[in-house]
Amino acid sequence: MKSEVKQNPINLEADGEITEGTYSLPEARFLGYRYIPAERQILHAFLTNKMVLGASVLLLLFILCAVFAEWVAPMDPLEQTLRARLTPPIWYDKGMAPFFLGTDSLGRDVLSNVIYGLRISLMVGLLSVTLSLLIGLTLGLIAGYARGVWESLIMRAVDVQLSLPLIMVAMCFMVIFGQGLYKMIFVLAITGWATYARTVRSMVISIREKEYVEAAHALGIGPVTIMLKYLLLNSITPILVLIAVQIPHVIILEATLSFLGVGVPVTTPSIGMGIARGYQVLFSGNWWASIFPGLALMLLVGCINVLADWLRDALEPRSREEV
Amino acid sequence: MGLYFLRRLYQALIVLFVVTLIVFIILHVSGDPVELLMPPDATSEDLQDMRRTLGLDKPLVVQYGVFLLNAVQGNMGISYHHGQPALKLVLERLPASLELVVASMLISLILAIPLGILAATNRGKLLDRLCLMGSLVGISSPPFWIGIVFILVFAVLLQWLPSSGRGSWMHLILPATSLSLYRLALFLRLIRAGMLDVMAQDYIRTARSKGVREKMVVYKHALKNTLIPFVTIAGIHMGSLLAGAIVTEKIFAWPGMGRLFLKSIVVMDFPVIIAWALVVAVIFLVINLAVDLIYVYLDPRIRNEK
């Protein structure tokens, strides 16, 4: 038991104060404890966790591939090589040189489609989460801080939003607006804000009664400053965790919508559409066109999930203390 | 208790009202179904006639009023495409969808709860790490892709199970399992985290120190308290699965209402789309309401408040 405490000396210092019952800092040093600041502990945990490190390296690789798709991809993802239709991956006897992972039914390179598709997935994930975060943050702050009519209006809107299945709302919107990359980002943003608003509001409500907020009020600090400086900054941890959890959700939702044919247009190479095209030729045994895009998506989402889990453990002290 | 229920019911009705309004407005500004319905050589008089018979020439507010009045009586219009009452079409396909959702939910729960408990009680050991690894794969794979992998392995390569349609229980296995994996992984994590959280509480230490056997501590004291908040989450997932089953129904050609919805979206069959949305929303709200009540009943702190 004691050795565990030694390895995890964060309990010694909570907010720079030594609580009653624990050792004072000199005493702790004398007893062989070493004080390590929280940031360094997090960094240390990051560097020693092989899984997290591996996931970050892989994610970085994915991001680089996505950013430099033009140089990384061996082919133009939309170029149809009709004489090379349904070429199997390169390790098969019938495999051909530039098509490492085979081609689809129109002779388009699967690998290039995956690389360009990752760019779309990441872009949709990041942009729409940022947008819905902005909407959710603003409305959540207003609801938690202003209370009264605004709060009930916003929270009813949250109720409505959450009482509709997300995929249905997104599909209806996509049908109305028509397919399109930016339309999709926009639709995913306006269907995803409710979770953020709810989290921010409950954080704000629990913080707003604290003494330092009252003190700020008493000092005559304006509501906007209080919201941004005191309420927002202090609820940043759960928001960060929520973002990390939401990005994979949105990426999968994008792939689902594109798979169903109501996502990005046909001319945009995306993972979901690639899987849909591969699905059409699946029953004749041409497995590569649907399996590889899905595998890439799974790895991408898996990496983000590993990092999200780690981030939650590192940032939320309650689960860190458990370890 | 009664007052609480009434308040929740009132909230649910407001939500439902807003949902109908939004769905109605959105769908009616989205396009003209008449041109899709009529043959391409139809004259503009024909189109006008068709609009009149469908009631599409009246102002939106009137259309909505008529729609709402009818909806309350269970009449959501006639499908433009099938020529049958929209609600009937949706409800006909509801049992198939429910079968899929309930089966997949059962698979998730039956596997997730014991595995979650085992992972929590064997924390850090091989079993726990396997469970965590497996659940990571589960929450990271898109359900529709899992369905495709299942078809490839079990239907195309091994030819053990049918890949499409509904009939015997054999048809149910692939769609239900592929739909259940994501929730299985998610529930496993939730149960594990919940158990670990509860096991660190003082009352567990008390139970142990007064000599309660470890099995009793785990299954009676810890599990019970883990499951109470879990009921809410499982209920919400049950509701959203109805909508989430769309992709699975498409891949496995499962004749449920999700597939009907997909087809209706292509031909802009408004009444069916609205009927589907309302049926899903009502079921979702009813489940949430029921879950709230169960939660109140299960937690004595809330139950005995008044």
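Residues numbered from 1 in each chain as written. Chains lettered and ligands numbered in written order. Predicted model: local features only at pLDDT ≥ 70, side-chain atom pairs only at ≥ 80, totals over all residues. Heavy atoms only, no water.

Asks: Any chance you could explain the overall build of chain A here in plain terms?
Replies: Secondary structure summary: chain A contains 15 helices and 0 strands in total. Per-residue burial for chain A yields a buried fraction of 49% across its 323 residues. A separation threshold of at least 6 residues defines the contact pool for chain A, and within that pool the share at least 24 residues apart is 68%. Of the roughly 15900 Å² of accessible surface on chain A, 65% is carried by carbon and sulfur atoms. (Helix = DSSP H or I, 4+ residues; strand = E, 2+ residues; numbered from the N terminus. Buried < 20%, exposed > 50% of the residue type's maximum accessible area, 1.4 Å probe, protein only. Contact = heavy atoms within 4.5 Å. Areas by Shrake-Rupley, 256 points an atom, 1.4 Å probe, with all protein chains shown as cover.)

Asks: For this particular structure, what's the right way to read the packing of aromatic side chains?
Replies: Any two aromatic rings considered together are summarised by their centre-to-centre distance and by the angle between their planes. Evaluation of the coordinates by the stated rule reveals 10 aromatic pairs over all chains. Geometrically, the ring pair formed by B:Phe17 and B:Tyr64 is edge-to-face, given 6.4 Å between the ring centres and 70° between the ring planes. Taken together, the residues B:Phe17 in helix α1 (residues 2-28) and B:Tyr64 in helix α4 (residues 60-72) connect sequence positions 47 residues apart. Grouping aromatic residues by their ring pairs yields a cluster made of A:Phe259, A:Tyr279 and B:Phe144. (Phe/Tyr/Trp six-rings, centres within 6.5 Å; stacked < 30°, edge-to-face > 60°.)

Asks: Even after reading the chapter, I still don't get the nonpolar core, so can you show me in this structure?
Replies: One recurring pattern in soluble globular proteins: nonpolar side chains tend to sit buried together. The biggest cluster of nonpolar side chains holds 154 residues, and the ones touching the most others in it are A:Met171, A:Leu231, A:Leu257, A:Phe259, B:Phe261 and B:Trp276. The dominant element in this core, judged by the number of residues it contributes, is helix α14 (residues 288-315) of chain A, at 14 residues. Excluding residues that lie within four positions of it along the chain, A:Leu231 makes contacts with A:Leu141, A:Tyr145, A:Val204, A:Ile207, A:Arg208, A:Val213 and A:Ile226. In this structure, A:Ile154, A:Val158, A:Trp193 and A:Ala197 belong to the second largest nonpolar core, which totals 7 residues. (Core = buried A, V, L, I, M, F, W, Y, C linked by side-chain atoms within 4.5 Å.)

Asks: Can you help me understand the interface of chain B and chain A in this one?
Replies: Many analyses report the size of an interface as the accessible area lost when the parts associate. Facing 44 residues of chain B, the contacting portion of chain A comprises 41 residues. Counting each side, the surface lost to burial between chain B and chain A is near 3800 Å², with a carbon and sulfur contribution of 79%. In this structure, B:Arg189 and A:Asp309 form a salt bridge, with 2.4 Å as the shortest nitrogen-oxygen distance. Applying the counting rule to chain B against chain A returns 5 residue pairs in polar contact (both at pLDDT 80 or more). Breaking the side of chain B that touches chain A down by element, the ones donating at least two residues are α1, α6 (126-140), α7 (143-157), α8 (169-199), α10 (214-251), α11 (257-266) and α12 (270-298) of chain B. Considering every element that reaches the side of chain B that touches chain A, the biggest residue donor is α7(B), with 8 residues. Along the lines of polarity and charge, the residues of the side of chain B that touches chain A split into 34 nonpolar, 6 polar and 4 charged. (Buried area = accessible area lost by both parts, 1.4 Å probe. Salt bridge = Lys/Arg side-chain N within 4 Å of Asp/Glu carboxyl O. Polar contact = N/O pair within 3.5 Å; in protein donor to acceptor, adjacent residues only side chain to side chain. Nonpolar A, V, L, I, M, F, W, Y, C, P; charged D, E, K, R; others polar.)

Asks: Can you walk me through unusual backbone geometry in this structure?
Replies: Comment: phi is negative for the bulk of residues other than glycine, and the bulk of peptide bonds are trans. Residue and element names in this part refer to chain B. For Gln159, which is not glycine, the phi torsion reads 55° and is therefore positive. Mapped onto the secondary structure, Gln159 falls in the loop between α7 and α8. Judged by relative accessible area, Gln159 falls into the exposed class, the value being 62%.

Asks: It is not clear to me how the pattern of salt bridges should be interpreted in this structure. Could you clarify?
Replies: Should their charged atoms come close, side chains of opposite charge can pair. A full pass over the atoms with the stated rule returns 9 salt bridges over all chains. Here B:Asp202 and B:Arg205 are joined by a salt bridge, their closest N and O atoms 3.6 Å apart. Separated by 3 residues within a single helix, B:Asp202 and B:Arg205 lie in helix α9 (residues 202-209), roughly one turn from each other. Judged by relative accessible area, which is 57%, B:Arg205 ranks as exposed. Salt bridges sharing partners connect three or more residues here, namely A:Asp309, A:Arg312 and B:Arg189.

Asks: Explanation requested: the side chain of A:Ser112 in the structure shown.
Replies: Residue and element names in this part refer to chain A. Tracing the chain through its elements places Ser112 in helix α6 (residues 110-146). Residue Ser112 is classed as buried on the basis of its relative accessible area of 0%. Aside from chain neighbours lying at most four places away, what touches Ser112 is Ala73, Pro74, Met75 and Pro77.

Asks: Is there a simple way to think about the confidence of the model for chain B in this case?
Replies: Low-pLDDT stretches of the model should not have their predicted coordinates read in fine detail. All names here are of chain B. Confidence in the prediction of chain B, expressed as mean pLDDT, is 83, and 94% of residues score 70 or more. Across chain B, helix α5 (residues 86-121) holds the top mean pLDDT of 91, while helix α2 (residues 33-37) sits lowest at 66. In the predicted assembly, ipTM is 0.82 and pTM is 0.83. (pLDDT = per-residue confidence, 0-100.)

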